[in-house]
Amino acid sequence: LQAIDPDVLLAHNLHRFHIELLLQRISATGVKHWSRIGRLRKTKMPTSHPVDRGAACGRLLCDTWVSAKELVHEKTYTLTELARTRLSITRQEIDPRQTPAKMRTSLGLLEMIDNACKDSWITFELMFTLAILPLTRQLTELCGNLWIRSLQSRRAERNEYLLLHEFHKKKFIVPEPYTKREKMRLKGSTESSSSSRKKAQYSGGLVLEPKKGFYEKLVLLLDYASLYPSLIQEYNICFTTVKHWELGEDEIPPEPNRNTESVLPSVIGHLLKRRRAVKSLLKDERNPDLRTSLDIRQKALKLVANSMYGCLGFENSRFYCKPMAALITALGRKSLTTAKEKAEMTLYDPPVEVIYGDTDSIMVHTGIDDLAKARKIGHEIRKIVNKPFRFMELELDAIYKDMLLLRKKKYATNVVIERDGKVILEREVKGLDLVRRDWCTLSKDAGNVLLDALLSGQPREEAVAKIHDYLTDLKKKLTANEIATGKFIITKGLTKDPKAYTDAKTQPHVQVALQMLKEGLFVRSGEHIPYIIVINRSGGTEASSDTSLAARAVHVSKVLRQSEKTTPKEKFLHIDIEWYITHQILPPVARLCEPIAETSPGQLAECLGLDPSKFHRTVAATASEDIDEANIELDRKDPERFSDYPREDRLPLRCRHCQLRGENDENETRKWKDIFNLEVDGAYMVRCHNQNCRCGNIDLVGDNDDIARIMNSIRVHFRPYLQRFYRRELQCDDPMCHTRTRAHWSTKCPTLGCQGNLVPMYSSSALYQQLSYYKSLFNLDEAEKRLNLERTKREEAYQIRLKSDSKAMKGIDLPLNPRDGLPKGSEKRFELLYNFVDDLMHTSGHHFVNLSNLFAFSQ
DNA sequence: ACCGGGAGCGC
DNA sequence: AGGCGCTCCCGGT
């Protein structure tokens, strides 16, 4: 160090590991002049917090772990992972427990040295790839703080310096920071739980209730550009204008006077203006080096502007001001609400619908497929919303195609991207289980397969079939032990040191961490613990205390290491396949399929080889309701129940003769009448009613061609009913509540404060009724019953009329049997058609009542 | 059935 | 060593 005298010390995890390690080794081995790791001669080596005590003062300390956490979004920030994702390098890891053994052989030692060199190089590349030094330098120049502090990612401090400089320049007196004692006193009075996250001190962003479902038409994403910074400008929010000093606890201050521009808005405005300028320079710049540097500059400006709000709500900040933070979020909520309302006030055909929104964005379902039209709608909404604002700007950020909206902050979609006139779709997944590290790869793989199927644009039935096949196959592979151990790894982070947990025994990752400590490994807060759940291995004689989940968690390395061994006796750790299916695969898979009407949790469970009846509970309310409804219909054996069946739901069959000969008038009577038009023409079955028709009013099902034609007509006629049912739209049964939403399994009304239940707008019993209607058209026995009934009625009417009117016509000239007058073989053809509808009913059976025994399809 | 701790997302 | 909002799992009561 003395010879090289570097300006920068670099390492991955420098602050929490390397500096301390260096000093520890220096003191252990008695190396002289320890303070040469810095540039100031010091005598006493600090025992703790060497960086804060200035042990390395005079040099910049660049910690790629710290910087990566601020600059890029990753699932985990180990050097191995960053090398993989950022540099596409596979880094070799060495188990620290192997170190002593390696150090004993020269070959092992060389390997260790080689490894250390490679790690240094990776860290170097990472620093350059992330542009850590130029970016932090920009931040430092902007805010006027120390560079080394920017490298430590202290946003609050950066912010503090920026404001200090600004207020000082304008001759303001700045607030003194609290002293240690004052902080202690404040904390003591308000009490605080040292452990987990604090309760929120004020309300934040508004999240609109999502209209859950699957959207096949285009969806617009409109969002406010830099919402909080532009709110500060728009409403002139400043320490000098918001009357935070005359407020009670939890009061939201009134909107400040907007006619002047105060300090904070001008600082923000300055930052945003400079960013716009840099961005426009970037647009025309061709030199790649300059482009990189300009891009870094615009990023830094954005970072500073965006972090202002967060620091206002930060209790330890010098410029902490809760009322201002609360006012900003309140205005943000208002802005989002007005954007939603204005979007919904537009008059488009079909009407657009705001299906979701979070803090600064609204998602608008256009109901159309035309990209250009959708974009136009987006820009029109944008214009309406932006009209009253001076600074705030709603932008059309993206257009989505095929969107699965599951819950607040959880959705998946394809983003429509136009590149060189071509349209490309790019997957975007937010918040779903499959983007979280605490689900095993197996579970995430399944999730991705499901999304591939659902968002591929193929028909829903096909997608669902693929999903069922995949799950069935997955189950097969799992039972056959064909899945790699690595797929079962679950990773969870420690937020505390393992020994600090009060409920350690209930948490798998804490249990594993404690086990690691026992084995002499370093484990501390912030570490990610990879583990696998194995089968309870208590032999029976021992007390079975290790049946709890936490006790069945084992560190990955143990499972992997044992699989290398050959002796079967030593393979005592068995992955708990059953647990993975029921806890890691089924729940996320079922959640993804919630809006998909073509399947159900029971069916998904069945594919995975589970007892579907056990998963009825999750859907109990909806399913049982449907079963009851359908049963009521079944119990009603009223032969006349379709006599007043709505005209629009009836099957419109036409006589092929009239049609072909052009003998049809506009008159509806030329249509084939179905049997239920009793009042018109008696209870005959399907005859042409055109008196002049060449068919001679013979029966509709004259030959085999007719059968094929009718079957097709039924298919075509039935499709929209099935589709309506598939959409599974629900509405609240509370007459005061007009909530409508798409299907999900909960029957509670999603509207806040409403206690109503959701009922299907098109229920399974309605669908069932439709099928029953088709069936009745071809049921000769039922027709006979109806004829008999009708005859009795007419006879009675005749008797009554006879008493009062001697000239009454008899009018009971009905055939005795519906089979009368039918051409030869018709009866058989009716049977064929009847069976056809019956089949249709059975194949749709499972859609009606999730796996109930109503249709006994389990065979 | 309800509650709180813990984790990890979204914005 | 910025903020709050929102699931989701688990165990305890």
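Criteria and thresholds
Residues numbered from 1 in each chain as written. Chains lettered and ligands numbered in written order. Predicted model: local features only at pLDDT ≥ 70, side-chain atom pairs only at ≥ 80, totals over all residues. Heavy atoms only, no water. Pairing = 2+ DSSP bridges. Helix = DSSP H or I, 4+ residues; strand = E, 2+ residues; numbered from the N terminus. Near = heavy atom within 4 Å. Polar contact = N/O pair within 3.5 Å; in protein donor to acceptor, adjacent residues only side chain to side chain. Nonpolar A, V, L, I, M, F, W, Y, C, P; charged D, E, K, R; others polar. Salt bridge = Lys/Arg side-chain N within 4 Å of Asp/Glu carboxyl O. Buried < 20%, exposed > 50% of the residue type's maximum accessible area, 1.4 Å probe, protein only. Patch = residues over 30% accessible without salt bridge, like charges linked within 9 Å, V, L, I, M, F, W, Y side chains within 5 Å. Areas by Shrake-Rupley, 256 points an atom, 1.4 Å probe, with all protein chains shown as cover. Expected span 1.5 Å × (residues − 1). Bend = angle between axes of the 7 residues up to and from the residue. Contact = heavy atoms within 4.5 Å. Axes fitted to C-alpha atoms, helices over the stretch in contact; angles between N-to-C directions. Phe/Tyr/Trp six-rings, centres within 6.5 Å; stacked < 30°, edge-to-face > 60°. Core = buried A, V, L, I, M, F, W, Y, C linked by side-chain atoms within 4.5 Å. Domains from an automatic or database assignment.

Visitor: What is the right way to look at the sheet that holds strand β12 (residues 730–732) in this model?
Guide: Note: strands within a sheet are paired through backbone hydrogen bonds, in either parallel or antiparallel orientation. Strand order across the open sheet formed by three strands is β13-β12-β14, with antiparallel pairing between neighbours. A single partner strand is all that each edge strand has here, and the edge strands are β13 (740–741) and β14 (758–760). Pairing geometry for β12 and β14, over three bridges, is antiparallel. Considered in β14, the bridge of Gln731 is made with Val759.

Visitor: Help me understand the protein's contact with DNA strand C in this model?
Guide: In the vicinity of DNA strand C there are 25 residues, among which Arg155, Arg197, Gln201, Gly204 and Arg407 approach most closely. Of everything in DNA strand C that lies within 4 Å of the protein, sugar and phosphate atoms constitute 66%. Measuring from a phosphate oxygen of DNA strand C, one finds a side-chain N or O atom of Lys408 at 3.2 Å. Where the surface near DNA strand C is concerned, the elements lending two or more residues are α8 (155–169), α12 (288–312) and α19 (577–592). In terms of residues, the surface near DNA strand C owes the most to one element, α19, which gives three residues. Its residues assigned to classes, the surface near DNA strand C comprises eight nonpolar, eight polar and nine charged.

Visitor: Could you clarify how one ought to interpret the pattern of salt bridges in this entry?
Guide: Any two side chains of opposite charge can pair, given that their charged atoms come close. One pass over the structure, following the stated rule, counts 44 salt bridges. Between Lys118 and Asp114 there is a salt bridge, with its nearest N and O atoms 3.1 Å apart. Of the two residues, Lys118 and Asp114 both sit in helix α5 (residues 106–129), four residues apart, roughly one turn of that helix. A salt bridge links Glu157 to Arg149; the nearest nitrogen and oxygen atoms lie 2.9 Å apart. Take Glu157: its relative accessible area is 16%, and that puts it in the buried class.

Visitor: What is the right way to read a nonpolar patch on the surface from this model?
Guide: Nonpolar side chains collect at one region of the surface, where Met103, Leu107, Leu109, Leu110 and Ile113 lie side by side and expose about 520 Å² of accessible area between them. Assignment of secondary structure puts Leu107 in helix α5. With relative accessibility at 68%, the residue Leu107 sits in the exposed group.

Visitor: What is the right way to look at α12 in this model?
Guide: Side chains of residues three or four places apart in an α-helix project in the same direction, reflecting 3.6 residues per turn. In this model α12 runs 37 Å from its N-terminal to its C-terminal C-alpha over 25 residues, within 8% of the 36 Å that 1.5 Å per residue would give. Along its length, α12 shows its largest kink, about 25°, at Asn306. By the burial criterion, the buried members of α12 are Leu294, Ile296, Gln298, Ala300, Leu301, Val304, Ala305, Ser307, Met308, Tyr309, Cys311 and Leu312. The inward-facing, buried residues of α12 abut α6 (132–143), α8, α10 (227–234), α11 (263–284) and α13 (322–345). Two to three positions downstream of the cap, the backbone nitrogen of Asp289 sits 2.9 Å from a side-chain oxygen, assigning the N-cap of α12 to Asn287.

Visitor: Can you walk me through the protein's contact with DNA strand B in this structure?
Guide: For DNA strand B, the set of nearby residues contains 21 residues, the closest of which are Asp360, Arg437, Gly493, Thr495 and Tyr501. One of the backbone N or O atoms of Gly431 is found 2.9 Å from a phosphate oxygen in DNA strand B. In the surface near DNA strand B, the residues fall into three nonpolar, seven polar and 11 charged.

Visitor: What's the story with unusual backbone geometry in this structure? I'm lost.
Guide: Trans peptide bonds make up most of the peptide bonds, and negative phi angles are found at most residues other than glycine. Cis geometry is found at the peptide bond from Asp349 to Pro350, where omega equals 0°. One can find Pro350 in the loop between α13 and β4 (353–356). Non-glycine residue His49 carries a positive phi angle of around 45°. Assignment of secondary structure puts His49 in the loop between α1 (14–29) and β2 (60–63). With a phi close to 65°, Asn481 is a non-glycine residue in the positive phi region.

Visitor: Could you clarify how one ought to interpret the sheet that holds strand β5 (residues 361–365) in this entry?
Guide: A sheet is described by the order of its strands in space; here six strands give the open sequence β4-β5-β3-β6-β7-β8, paired in antiparallel fashion. Each end of this open sheet is capped by a strand with a single partner; those strands are β4 and β8 (422–430). Between one strand axis and the next, the sheet turns by 40° as a mean value, whatever way the strands run. As paired elements, strand β3 (residues 213–224) and strand β6 (residues 394–407) share 10 bridges and run antiparallel to each other. Among the inter-strand pairings, Leu222 is bridged to a residue of β6, identified as Leu396.

Visitor: Hey, could you run me through the packing of aromatic side chains in this one?
Guide: By convention here, two paired aromatic rings are described through the distance between centres and the angle between planes. Counting across every chain of the model gives 11 aromatic pairs. Centroid distance Phe167 to Phe319: 6.1 Å. Interplanar angle 15°. Geometry classified as stacked. Within this pair, whereas Phe167 is found in helix α8, its partner Phe319 is found in the loop between α12 and α13, the two being separated by 152 residues in sequence. There is no split in this pair, since Phe167 and Phe319 are both buried. Seen from their ring centres, Trp579 and Tyr580 are 5.1 Å apart, and the 90° between their planes marks the pair as edge-to-face. What links up through ring pairs into an aromatic cluster is the set Phe167, Phe172, Phe239 and Phe319.

Visitor: Mind showing me how you'd approach the nonpolar core here?
Guide: Nonpolar side chains in soluble globular proteins generally cluster together in the buried interior. Counting 66 residues, the largest nonpolar core has Ile237, Phe239 and Ile362 as the members making the most contacts within it. It is α12 that contributes the most residues to this core, nine residues altogether. Composition of this core by domain shows at least three residues from each of domain 1 (8–151) and domain 2 (175–180 + 203–431). In contact with Ile362, not counting residues within four places along its chain, are Leu208, Leu220, Leu221, Leu222, Leu336, Ala339, Lys340, Ala343, Val354, Tyr356 and Gly357. If you look at the next biggest cluster of nonpolar residues, it comprises 59 residues, including Leu432, Val464, Val559 and Tyr580.

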